[in-house]
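Residue-level structure breakdown
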Amino acid sequence: MQGIYDMHDTAGRITKDGIRIYEDADFTGMRLAGQVAAEILDAVAALVKPGATTAELDDFIREDIDRRGATSATIGYKGYRHASCISVNHVVCHGIPGGKQLADGDILNIDVTVIVDGWFGDTSRMYVAGTLPRKAERLIDVTHEGLMRGIAAVMPGNTFGDIGHAIQSYVEANRMSVVRDFCGHGLGRVFHAPPNVLHYGRPGSGAVLEEGMFFTIEPMVNLGRPETKVLADDWTAVTRDRSLSAQFEHSVGVTATGCEIFTLSPAGRFHPTWA
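Below you will find a few notes about this structure.

Rules used throughout
Residues numbered from 1 in each chain as written. Predicted model: local features only at pLDDT ≥ 70, side-chain atom pairs only at ≥ 80, totals over all residues. Heavy atoms only, no water. Pairing = 2+ DSSP bridges. Helix = DSSP H or I, 4+ residues; strand = E, 2+ residues; numbered from the N terminus. Axes fitted to C-alpha atoms, helices over the stretch in contact; angles between N-to-C directions. Salt bridge = Lys/Arg side-chain N within 4 Å of Asp/Glu carboxyl O. Buried < 20%, exposed > 50% of the residue type's maximum accessible area, 1.4 Å probe, protein only. Contact = heavy atoms within 4.5 Å. Parallel < 35°, antiparallel > 145°, perpendicular 65-115°, else oblique. Left-handed = near helix turned anticlockwise from the far one by under 90°. Nonpolar A, V, L, I, M, F, W, Y, C, P; charged D, E, K, R; others polar. Patch = residues over 30% accessible without salt bridge, like charges linked within 9 Å, V, L, I, M, F, W, Y side chains within 5 Å. Areas by Shrake-Rupley, 256 points an atom, 1.4 Å probe, with all protein chains shown as cover. Lys, Arg positive; Asp, Glu negative; His and termini not counted. Charge placed at Lys NZ, Arg CZ, Asp CG, Glu CD. Core = buried A, V, L, I, M, F, W, Y, C linked by side-chain atoms within 4.5 Å.

The next point concerns the sheet that holds strand 5 (residues 91-93). Strand order in the open sheet formed by three strands is 5-14-13, and the pairing between neighbours is antiparallel. The outermost strands of the open sheet, each flanked by one partner alone, are strand 5 and strand 13 (228-230). Here the average twist between neighbouring strands, direction ignored, is 40°. Pairing analysis gives two bridges linking strand 5 to strand 14 (residues 237-239), with the strands arranged antiparallel. Among the inter-strand pairings, Val 91 is bridged to a residue of strand 14, identified as Val 238.

Moving on to the pattern of salt bridges. Evaluated as defined, the whole model comprises twelve salt bridges. Measuring nitrogen to oxygen at the nearest pair gives 2.6 Å for the salt bridge that ties Glu 210 to Arg 13. Here Glu 210 is found in the loop between strand 10 (193-197) and strand 11 (214-217), whereas its partner Arg 13 is found in strand 1 (residues 13-14), with 197 residues between them in sequence. By relative accessible area, Glu 210 is classed as partly exposed at 27%. Looking at Arg 13, the relative accessible area reads 45%, which means it is partly exposed. Here the salt bridges do not stand alone but share partners, grouping Glu 39, Asp 64, Arg 67 and Arg 68 into one network.

A separate point is the sheet that holds strand 12 (residues 220-222). Strand order in the open sheet made by the three strands is 8-12-15, with antiparallel pairing throughout. Two strands close off the open sheet at either side, each with one partner strand: strand 8 (177-178) and strand 15 (245-247). Relative to strand 15, strand 12 runs antiparallel, the two sharing three bridges. Of the residues in strand 15, the one forming a bridge with Val 221 is Ala 246. Contacts from helix 3 (residues 134-152) reach strand 12 and strand 15 within the one sheet, and its direction differs from that of strand 15 by about 35°.

Before going further, it helps to examine the packing of helix 1 (residues 26-44) against helix 2 (residues 54-67). Where helix 1 contacts helix 2, the axes come no closer than 10 Å and their chain directions differ by 140°. On the basis of their axis angle, the class for helix 1 and helix 2 is oblique. The handedness of the crossing between helix 1 and helix 2 is right-handed. Touching Ile 40, Ala 43 and Val 44 of helix 1 are Leu 57, Phe 60, Ile 61, Asp 64 and Ile 65, all from helix 2. When its residues are assigned to classes, the contact of helix 1 with helix 2 shows seven nonpolar, no polar and one charged.

Here we come to a positive patch on the surface. A grouping of Lys 100, Lys 229, Arg 240 and Arg 242 is seen on the molecular surface, where their side chains present a positively charged patch. On the secondary structure map, Arg 242 appears in the loop between strand 14 and strand 15. Using a relative accessible area of 60% as the deciding quantity, one classes Arg 242 as exposed.

Another point: the side chain of Thr 54. Inspection of the secondary structure puts Thr 54 in helix 2. With residues up to four places along the chain from it excluded, the contact list for Thr 54 reads Ile 86, Val 88, Ile 96, Pro 97, Gly 98, Lys 100 and Leu 102.

The subject of this paragraph is the nonpolar core. In this structure, Ile 61, Leu 108, Ile 110 and Val 114 are the most contacted members of the largest nonpolar core, which totals 39 residues. Of all the secondary structure elements, the ones that give two or more residues to this core are helix 1, helix 2, strand 4 (85-88), strand 6 (107-116) and strand 7 (119-128). Here Ile 110 is in contact with Leu 41, Val 44, Val 48, Leu 57, Ile 61, Ser 84, Cys 85, Ile 86, Thr 123, Ser 124, Arg 125 and Tyr 127, once residues within four sequence places are set aside. Val 171, Val 221, Phe 248 and Val 252 belong to the second largest nonpolar core, which has 36 residues in total.

Right, here's the structure in full:
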């Protein structure tokens, strides 16, 4: 879930670009929060099937967050009332859980953010209800690979433009489009903080990556054009051309030699076709 910055974190130092630099010990808190979020997304996978409603999935997620002694970051955030965003088919992001049943072949992104001991763990991944259509499978594969190529560009001395370029160049080479209207963000002891992490860009542009930066990378990729619109509920963003959309999201921290992914799936289920 993207939003305006929450500027209440006092840990670490701030760069000239307004990006907070965390200490080595802070990785422990992010690691725990990220793993709790990832475990919840592992657990909900068994419920994603034709006939299930997104409200039922959200109810499970809310209860699972409570069982784990964590706090939902989204319930009450700017008036939002749910423990997850669930975006089906042509919904790009911020889909509101509801009573509509999933149909065979529907693809959906489930996005969860939890707070554990004051640290925010934010991640999303794709699921399929029933049989995965071939064109949706290709979209999901390209989106996942785009995320991983963006993560591979995370290391001290590179720039945020390098991350965006790695994603954009791969996605567009596969004749798909990167959404421009939403981006990743810094996080830590707050939900949203600098920088904006764009999923497109020029090599060498943007702020320089430094050890201790925490942020999300969460590309949204459309089978059609990149334009989106937000519906009357002020949350749900959809593709303007009604084409399918997919998204994957990890929270990462920059290390001395590259990055650490805080939200890896403990069960190895980050991609819907993985065993």
